Amino acid sequence: YNVKLLGATNSVTNSVTFANTGALTLGDSSSDTFTFSGGITATAPSSVTLAGAFNSGGVVNIGDSNTGITLADNTSITSASANTAITLGGVVTGASNTLSLDAGTSTITFGSTASGLGNTSLTANEVNLSGGFSGSGTLSIIPKTSSLGVYLGSSDNSNAAVMNLTATELGYLA
């Protein structure tokens, strides 16, 4: 079955897992707001469509190898208040929409490719890319901890004292 949450203001206190295997749509306008106080997991749906501002007090895990993610409008996701990870595990299709992710001092992970993005801002102490990453806007990758060093072209992500963008990850940027 499909699930759509399209209200202008939406709030859920507990951790949410969307277990439906049909399409999941969260928002249809950049002005929609969602608060998931306990975090959100959406890896079972056949596809996920996002639009609006998402605030999470826990881990955000959306999409996987079988669950693509489409941005229907400008989208922001933050878990910065809890410093928890944000994972967009499926193929992300931006349709020239803006994407802003803020995981606080935690990690942002893209589990697959991301394309067609508009202006994109990634704020976290680590950003991991797993495939091609492209768009028509600007890309900002910002460590949450301003004193954190940034290593470009590292051989791996093992140094937790800095934000690492490996040579492979840099190669994914188009």
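Keep in mind that this is a model prediction, so the values were computed, not measured. (Residues numbered from 1 in each chain as written. Predicted model: local features only at pLDDT ≥ 70, side-chain atom pairs only at ≥ 80, totals over all residues. Heavy atoms only, no water.)

## Comments concerning a nonpolar patch on the surface
Item 1. Taken together, the side chains of L139, V150, L152, L170 and L173 define a hydrophobic patch exposed on the protein surface, amounting to about 390 Å² of accessible area.
Item 2. Note that V150 resides in strand 19 (residues 149-154).
Item 3. A relative accessible area of 41% places V150 in the partly exposed class. (Patch = residues over 30% accessible without salt bridge, like charges linked within 9 Å, V, L, I, M, F, W, Y side chains within 5 Å. Areas by Shrake-Rupley, 256 points an atom, 1.4 Å probe, with all protein chains shown as cover. Salt bridge = Lys/Arg side-chain N within 4 Å of Asp/Glu carboxyl O. Helix = DSSP H or I, 4+ residues; strand = E, 2+ residues; numbered from the N terminus. Buried < 20%, exposed > 50% of the residue type's maximum accessible area, 1.4 Å probe, protein only.)

## A closer look at the pattern of salt bridges
Once their charged atoms are close, side chains differing in charge can pair, the charge on each being opposite to the other.
Item 1. Scanning the entire structure with this criterion turns up one salt bridge.
Item 2. The shortest N-O distance in the salt bridge between K144 and D102 comes to 3.0 Å. Taken together, the residues span a long stretch of sequence, with K144 in the loop between strand 18 (139-142) and strand 19 and D102 in strand 12 (residues 99-102) at a distance of 42 residues.

## A closer look at the nonpolar core
Item 1. The biggest cluster of nonpolar side chains holds 34 residues, and the ones touching the most others in it are F18, L50, I77, L88, L101, I108 and F110.
Item 2. Apart from residues lying up to four places away in sequence, L101 is in contact with I77, I86, L88, I108, F110, S121, L122 and T123. (Core = buried A, V, L, I, M, F, W, Y, C linked by side-chain atoms within 4.5 Å. Contact = heavy atoms within 4.5 Å.)

## Here's the deal with the sheet that holds strand 3 (residues 16-17)
Whether parallel or antiparallel, the strands of a sheet pair through hydrogen bonds between backbone atoms.
Item 1. Judged by pairing direction, the sheet is parallel, and its six strands sit side by side in the order 3-6-8-10-13-16 without closing on themselves. In this open sheet, the two strands that pair with only one neighbour each are strand 3 and strand 16 (126-129).
Item 2. Bridge count between strand 8 (residues 60-62) and strand 10 (residues 86-88): three bridges; the pairing is parallel. Looking at strand 10, one finds that V60 is bridged to I86. (Pairing = 2+ DSSP bridges.)

## Quick word on the packing of aromatic side chains
Item 1. All chains considered together, the criterion is met by four aromatic pairs.
Item 2. Where F34 meets F36, the ring centres are 6.1 Å apart and the plane angle is 5 degrees; that geometry is what we call stacked. Assigned by exposure class, F34 and F36 land together as buried.
Item 3. When the ring of F110 is compared with that of F133, the centres are 5.0 Å apart and the planes differ by 85 degrees; the resulting orientation is edge-to-face. Remark: F133 occurs in strand 17 (residues 133-135) and F110 occurs in strand 13 (residues 107-110); sequence separation between them is 23 residues. (Phe/Tyr/Trp six-rings, centres within 6.5 Å; stacked < 30°, edge-to-face > 60°.)

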